[in-house]
Each structure stands twice: as C-alpha cells, then as structure tokens.
Amino acid sequence: MTRPPLATPATGTDRVLWLDGLPADQLAVRPPLDGDTTADVAIVGAGYTGLWTAYYLSTFRPDLAVVVIDAGRAGFGASGRNGGWCTAEMPALLPGLVRRHGPMAAMRLYRAGRRTLDELRRVFDAEGIDAHWRHDGSLYVARSEPQADRLRGWHHVRTRLGIDGLTLTVGEQAAGQIGLTGVRATAYTPHCVAVQPARIARGLLAAVERRGVRVAENTRATRIAPSLLVTDRGTIRARSVLCATEGYTGNLPGHARRVLPLHSYALATEPLDVGTWQRLGLNDHRTVAESRYQFGYLQRTVDDRLVLGGRGAYYRFGSATDRSQAAARRAYDRLRRTLAELLPDLADVPVSHRWNGVYGLHRHTEPEVVYDRETGLGHAGGYGGEGIALSNLAARSLAALVAGVSRPETRLCWVDNASRRWEPEPLRYLGVRGVSAVATGADRYEHRTDRPAPLARLALRAIV
C-alpha cells in the first residue's frame, strides 16, 4: 500500500513549511502494528506529548516496554503544524492559574515551564536534534491604549508573583524596536525560542527508538480501556494506557467532549532580503505577537522567511478535525489582511507555504496531566497553543506518575486537575462562536475608539 508523504499539499500552495523542510533521513516511514502484542505502557499519539512521555519513561524506568502508536505519521499533527514558538510565558493562562489555584501554585508551574527551555536544549544537545534553535526572546506589541493596558496588567501579575524578565517600553522607544505600524508599547521577555517544530518531533522519534521504544505509524486506536488498547492493526495489552492525542482526542470513542479542537492557520513568505529585515527591525529571531484578543504572531526563520499566524477560535461543528477548504480560504485571506495591516511594505510579498494545525483546549482552559494508578489510564494535553515547551513538562509529569518515581513535576497544579467535559452540540459550537464574536468585536471597537471594549474581559471570562 502506498502511504502519503509527510507533508501533503491540499490545493495550490497549501504546504507545511516545517514538514517540507525535513531532511531526507527523517522521512522514513515506521511500519504499523503487525498484530496483537503486549507492553508495560501503550501510548496513543506520536506527537510531542506521546514521544516525550516515552522518552522520560525510558529515562525513569528503562526496564519498561513502551509502545507508541499514531493514526498517521509521528509529528504530523500539531507537533509539525504549529507556529514555531517554544515558550512557557502563558500570558493568557497565568492570571487564570492564579485565580483558580492560588499564586504559589501558579508561580511553581510558571517557573517549571521556564526551566523547561533549558531541559529542551539539554536533550537536543544530548540526542543530536537540530531544532534550528534561536534563543532571542519574544516581543509582545501593543498598537492601542487598551492593548498597552493589557501588557501592563500582565507585567503587574508577574511582579506580584515575583517573576522577573519582562521589560516594558512605551512611546517612540517602543515604536523603534519593531517595524510594525502604530506601535504604542512593547513587552520583551528573553524566555522564548524560535524553533523548527517538525525537526523536534522527528528527531525525538529517532531518539526514543534508540532507547528501545517501539513506534508504530499508520495505526489507529479504536478503543481504550484499562490494560487494553485496541487498534485497527491489532490489540496491545498493557498495564498503563496513555492518551496523548491533544486536539484529535475527540476521534476516540468515548472521548468526543473531553478536548475541544481549534484550528490555527499560518503562512510563510518567500525568503526576504537583508534590507527588508533591517527595515522591519528584525535583525535576530525574536518572535513577535500582537496584544489583540484575536492576535497575530510572526517570526523570522533561519532561511529568512516570515511566518505569520493567527489564533482565532476556528472551530468546526462536532469537533471535526478535517480541513475545510472554505474555512481555510477565509483564514488565509484574514492573515493576508493582517500582514498588510502590520507590515504594509509586505502586502504583496509572495507566499510559499500555508498550513492549518489543530490544537486542544480543555473546558477549564488549562493543561492537565491525569493518571489513575488503579486503572492504569492516563492522559495529558490541552496546552492551548503553547505545546512545544509545555508538552515536555507535562510528559515529565505523566511519565513520573506512571513510573512511580517522586519528582517535582508530579506536584504541579495541573496534575489530576481533570476538567469537566465540553457541552454537547449545538451548545459547544454556539459557545465557541460566541467567544470568537466577542473577541473580534472587542478588537474592532478598540481599534476604532482607542478605548477598552465595554465588559469584553468579563464577557470572555464568563463564556470560557
């Protein structure tokens, strides 16, 4: 049977930059499961969470037999289709963590996330993974007074928690830091790395295999139960069965409402010349994000392309994860308009790649790590778009719980913090569309009036 390539174009230029950029030695297809088997741990999903969990299980308990399966190719989902930001800054999540878990618990999770950047670099160096690591930090940009107020609020929350490293700049000095139009204020943090995400996923795949982990691609899970993982290629009997499917969790029977899949879109330009990058004020590889509710983000790749993405709440009825061409066209048109608004000189720049990734969100809007020692069932995910770094930390938490070892990661507030399920349709669809409409309306109001949208924060908090 002929298998599709790792990055399959849809129509026109629908191609994933990161998957296109994989070296030939990382493209080999792993065979599917070839019948029934046994293991100590079976993991569903060969993205970041599943592969990192396997990696740390092989570290904490090298005696355990671990099998990882994936319905497609390892790293083909969100792990290969994200924006390339490796950060645990959590500007949207941090205030909610403080509110729900208290300042000390929120601070511990934040600091653990920040230290994860060092852990990632350590593993990449040890395993020879070339992630195109560019540790130049991140610049958050405000282009209106309400956006500047949100940056100040984020800085205030961090200061109260004793978290340093965020530098606020306002006025002309802020505008001089980046060539985006209308910049009023900026907030810079050094704790962000631009990476090539698909290289991480496929490099990690090779690393876990060297450690004795079996990875079966093109093997779809059809049922998860205590000590049992049923697939379309055979059955795995294992003491622990872990779900690491993030935004694709709803495809598993019985899991339809546990994780909300949201579609995020991005595009990449053809390589830009040095003079253009100098005019943009991007002489390094800082990642850049707006402070709108429906924000755009961008970065410079190692081959001098500009990657631009958007975080709008693109949700398909029934938690569908297949790619709607009509929705994609609207999203890409919106990204082109965003590019023209932020960087008018690049309004007509040729686009070489565009892609869509699916990330996951729990009902309480927080990541979670859950493991039931009695049943052996566990899961981790729900990173809300910050999974490159947080998946590593969550996998360490989950692997330690499964291995039965005492580590600081098992005492973080996201452990056993299981969310309630999302509402059934059509309430789920209407709720997500409501969030998107409120956020879009608030952005338009603030842009037009330079004043905070009335009750926008309260309305968004009430909906989610």
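The structure presented is a predicted model; accordingly, all values stated were derived computationally and were not measured.

When you look at the packing of aromatic side chains in this model, what are you seeing that I'm missing?
Two measures describe an aromatic ring pair: the distance that separates the ring centres and the angle between the ring planes. On inspection of all chains with the given rule, the structure shows 14 aromatic pairs. Ring centres 5.4 Å apart and planes at 90 degrees place the aromatic pair Tyr265 and Tyr332 in the edge-to-face group. Placement of Tyr265 in strand E12 (residues 260-269) and of Tyr332 in helix H9 (residues 325-342) is noted, with a sequence separation of 67 residues between them. In terms of burial, Tyr265 and Tyr332 fall into one category: buried. Each member of the aromatic cluster is reached from another via a ring pair, and the members are Trp52, Tyr55, Tyr56, Phe60, Phe124 and Trp133. The ring of Tyr55 carries the charged tip of Arg211 above its face, separated from the ring centre by 4.1 Å.

I tried to follow helix H4 (residues 103-127) on my own but got confused; where do I start?
An α-helix turns once per 3.6 residues; consequently, residues spaced three or four apart project the same way. Here H4 contains 25 residues, and its C-alpha end-to-end distance of 36 Å stays within 8% of the 36 Å for a straight helix at 1.5 Å per residue. Of all bends in H4, the biggest is about 25 degrees, found at Thr116. A positive phi of about 70 degrees marks Gly128, the residue just after H4.

What is the right way to look at the pairing of E12 in this model?
Side chains on a regular strand alternate between the two faces of the sheet. Most of E12 sits out of view: ten of its ten residues are buried. Burial along E12 is two-sided: Leu260, Leu262, Ser264, Ala266 and Ala268 facing one way and Pro261, His263, Tyr265, Leu267 and Thr269 facing the other are all buried. Here ten bridges tie E12 to strand E16 (residues 351-361), and the two strands are oriented antiparallel to one another. Across the sheet, the residue bridging to Thr269 is Val351, located in E16.

Please explain the nonpolar core as it appears in this structure.
The nonpolar side chains of a soluble globular protein tend to be buried with one another. Counting residues in hydrophobic clusters, the biggest one holds 91 residues, and the most contacted among them are Ile43, Trp52, Leu57, Val66 and Trp414. Ranked by residue count, the leading element in this core is helix H10 (residues 387-403), at twelve residues. The residues contacting Val66, other than those within four sequence positions of it, are Val41, Ile43, Ala54, Leu57, Val213 and Arg214. Counting residues in each nonpolar core, the second largest holds 26 residues, with Leu282, Ala327, Tyr332 and Leu343 among its members.

Looking at this structure, I do not really get the side chain of Arg114. What am I missing?
Considering the arrangement of structural elements, one finds Arg114 in helix H4. Among the polar contacts listed, one links the side chain of Arg114 to the backbone oxygen of Asp164, at a separation of 2.9 Å. Engagement of the side chain of Arg114 in a polar contact is seen with the side chain of His191, the distance being 3.4 Å.

It is not clear to me how the pairing of strand E11 (residues 234-243) should be interpreted in this structure. Could you clarify?
Most of E11 is tucked away, with eight of its ten residues classed as buried. Strand direction decides the pairing type here: strand E1 (residues 37-44) and E11, joined by seven bridges, are parallel. Bridging from a neighbouring strand, Ile43 pairs with Leu242 of E11. Looking at chain direction, strand E10 (residues 228-231) and E11 are connected through four bridges and run antiparallel. Bridging across to E11, Leu228 finds its partner in Arg237.

Help me out: how do you make sense of empty space enclosed by the protein in this one?
Here the idea is plain: a probe the size of a water molecule rolls over the atoms and shows the empty space left. Under the definition given, this model contains one cavity of 30 Å³ or more. Its volume calculated, the largest cavity comes out at about 30 Å³. Looking at the largest cavity, the residues that line it are Cys243, Thr245, Glu246, Thr249, Arg258, Val259, His362, His379, Ala380, Gly381 and Gly382. The residue inventory of the lining of the largest cavity, partitioned by class, reads three nonpolar, six polar and two charged.

What is the right way to read the environment of Arg448 from this model?
You can see Arg448 is positioned in helix H11 (residues 427-449). With 76 residues separating them in the primary sequence, Arg448 and Asp372 have C-alpha atoms 51 Å apart.

How should I be thinking about the pattern of salt bridges in this particular structure?
Pairing between side chains of opposite charge can happen when the charged atoms of each approach one another. As enumerated under the stated definition, the model contains 32 salt bridges in all. With a closest N to O distance of 3.4 Å, Arg143 and Glu290 form a salt bridge. One end of the pair, Arg143, is in the loop between strand E4 (138-142) and helix H5 (145-160); the other, Glu290, is in strand E13 (residues 287-290), with 147 residues separating them in the sequence. Each member of the pair, Arg143 as well as Glu290, carries the same accessibility label: buried. Across the pair Arg292 and Glu290 runs a salt bridge, and its minimum N-O distance is 2.8 Å. Relative accessible area serves as the criterion here: at 18%, Arg292 is assigned to the buried category.

What is the right way to read the packing of helix H2 (residues 48-60) against H10 from this model?
Axes are the key here: two packed helices are described by the angle between their axes and the distance separating the axes. Here H2 crosses H10 at 45 degrees, and the two axes come no closer than 8 Å. Comparing their axes, H10 and H2 come out oblique. When you trace H2 past H10, the crossing you get is right-handed. Seen from H2, the contacting residues are Tyr48, Thr49, Trp52, Thr53, Tyr56, Leu57 and Phe60; seen from H10, they are Gly387, Ile388, Ser391, Asn392, Ala395, Arg396, Leu398, Ala399, Ala400, Val402 and Ala403.

Cut-off values and rules
Residues numbered from 1 in each chain as written. Predicted model: local features only at pLDDT ≥ 70, side-chain atom pairs only at ≥ 80, totals over all residues. Heavy atoms only, no water. Phe/Tyr/Trp six-rings, centres within 6.5 Å; stacked < 30°, edge-to-face > 60°. Helix = DSSP H or I, 4+ residues; strand = E, 2+ residues; numbered from the N terminus. Buried < 20%, exposed > 50% of the residue type's maximum accessible area, 1.4 Å probe, protein only. Lys NZ or Arg CZ within 6 Å of the ring centre and 35° of its normal. Expected span 1.5 Å × (residues − 1). Bend = angle between axes of the 7 residues up to and from the residue. Pairing = 2+ DSSP bridges. Core = buried A, V, L, I, M, F, W, Y, C linked by side-chain atoms within 4.5 Å. Contact = heavy atoms within 4.5 Å. Polar contact = N/O pair within 3.5 Å; in protein donor to acceptor, adjacent residues only side chain to side chain. 1 Å grid on protein atoms, 1.4 Å probe; cavity = no way out; pocket = protein on both sides within 12 Å on 5 of 7 lines; lining within 4 Å. Points joined across faces, edges and corners; volume = space filled by probe spheres on them. Nonpolar A, V, L, I, M, F, W, Y, C, P; charged D, E, K, R; others polar. Salt bridge = Lys/Arg side-chain N within 4 Å of Asp/Glu carboxyl O. Axes fitted to C-alpha atoms, helices over the stretch in contact; angles between N-to-C directions. Parallel < 35°, antiparallel > 145°, perpendicular 65-115°, else oblique. Left-handed = near helix turned anticlockwise from the far one by under 90°.

Geometric descriptors of this kind do not, in isolation, establish any biological role.
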